[in-house]
Amino acid sequence: MRLSKNFTLEEMVATSHRKLQDTPALEVVQNLQKLCVLVLQPLRDTIGSPVYINSGYRSKRLNARVGGVLNSRHLQGKAADIHCDNLDYAKVIFDILRQNKYVDKVIIEKKRRSVWVHVQV
């Protein structure tokens, strides 16, 4: 199911922990669509290249498994973690996202050699 021009429901719920993920409720799908239309698609249009999502919607079990906070916006379909190849690219994404009026919070996160930008509405 297409949520915006360049984002699908499948990529917004994808995980390597398939047994811990469930099918999102309609309200969550609607939230994911708003996230894609209002935040992720404009980001992609601005940078002119694909935006890769590490984590979008998470079930409660999946969120617990990956160490997410109990009130994570991922649980509601109101957050995404955007893969970044390096810290400089993450800073560019961060600067673009913090100018979006629909963004509630944007954070650059790092773990070992991985870098991503967390964005939530």
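Procedures and definitions
- Residues numbered from 1 in each chain as written.
- Predicted model: local features only at pLDDT ≥ 70, side-chain atom pairs only at ≥ 80, totals over all residues.
- Heavy atoms only, no water.
- Helix = DSSP H or I, 4+ residues; strand = E, 2+ residues; numbered from the N terminus.
- Buried < 20%, exposed > 50% of the residue type's maximum accessible area, 1.4 Å probe, protein only.
- Polar contact = N/O pair within 3.5 Å; in protein donor to acceptor, adjacent residues only side chain to side chain.
- Salt bridge = Lys/Arg side-chain N within 4 Å of Asp/Glu carboxyl O.
- Pairing = 2+ DSSP bridges.
- Core = buried A, V, L, I, M, F, W, Y, C linked by side-chain atoms within 4.5 Å.
- Contact = heavy atoms within 4.5 Å.
- Axes fitted to C-alpha atoms, helices over the stretch in contact; angles between N-to-C directions.

A few words now on the environment of Thr15. Tracing the backbone through its elements, the reader meets Thr15 in the loop between helix 1 (9-13) and helix 2 (26-47). Judged by relative accessible area, which is 16%, Thr15 ranks as buried. Of the polar contacts made by the side chain of Thr15, one reaches the backbone nitrogen of His17; its length is 3.0 Å.

Attention now moves to the pattern of salt bridges. Note that side chains of opposite charge can pair when their charged atoms are close. The final tally for this structure, using the stated rule, is three salt bridges. For Asp81, the salt bridge is made with Arg58, and the minimal N-O distance between the two is 3.2 Å. Taken as a pair, Asp81 in strand 2 (residues 79-84) and Arg58 in the loop between strand 1 (53-55) and helix 3 (60-65) lie far apart in primary sequence, 23 residues in all. The class of Asp81 is buried, set by a relative accessible area of 6%. A residue is classified by how much of its surface remains accessible, and Arg58, at 10% relative accessible area, is buried. Between Asp104 and Arg73 there is a salt bridge, with the nearest N and O atoms lying 3.2 Å from each other.

Right, let's talk about the pairing of strand 4 (residues 114-120) for a bit. Taking burial as the measure, the seven residues of strand 4 include six buried ones, the bulk of the element. The pairing of strand 3 (residues 105-111) with strand 4 spans seven bridges and is antiparallel. Residue pairing for strand 4: Ile108 is matched across the bridge by Val117. Where strand 3 folds back onto strand 4 in an antiparallel hairpin, the turn is made up of two residues, including Arg112, whose phi is positive at roughly 55°.

Another point: the nonpolar core. In this structure, Met12, Leu40, Ile82 and Leu97 are the most contacted members of the largest nonpolar core, which totals 27 residues. Mapped onto this core, the elements with two or more residues apiece are helix 1, helix 2, strand 2, helix 4 (87-97) and strand 4. Here Met12 is in contact with Leu3, Leu32, Leu35, Cys36, Leu40, Ile53, Gly56, Tyr57 and Ala80, once residues within four sequence places are set aside.

What follows is about the sheet that holds strand 2. In spatial order, the strands read 1-2-4-3; together these four strands make up an open sheet with antiparallel pairing. Two strands in the sheet have a free side with no partner beyond their single neighbour: strand 1 and strand 3. Each strand of the sheet is rotated relative to its neighbour by a mean of 35°, with strand direction disregarded. The strands touched by helix 2 within the sheet are strand 1, strand 2 and strand 4, with strand 2 carrying the most contacts at an inclination of about 15°.

Note that all results are geometric; they support no functional claim without further evidence.
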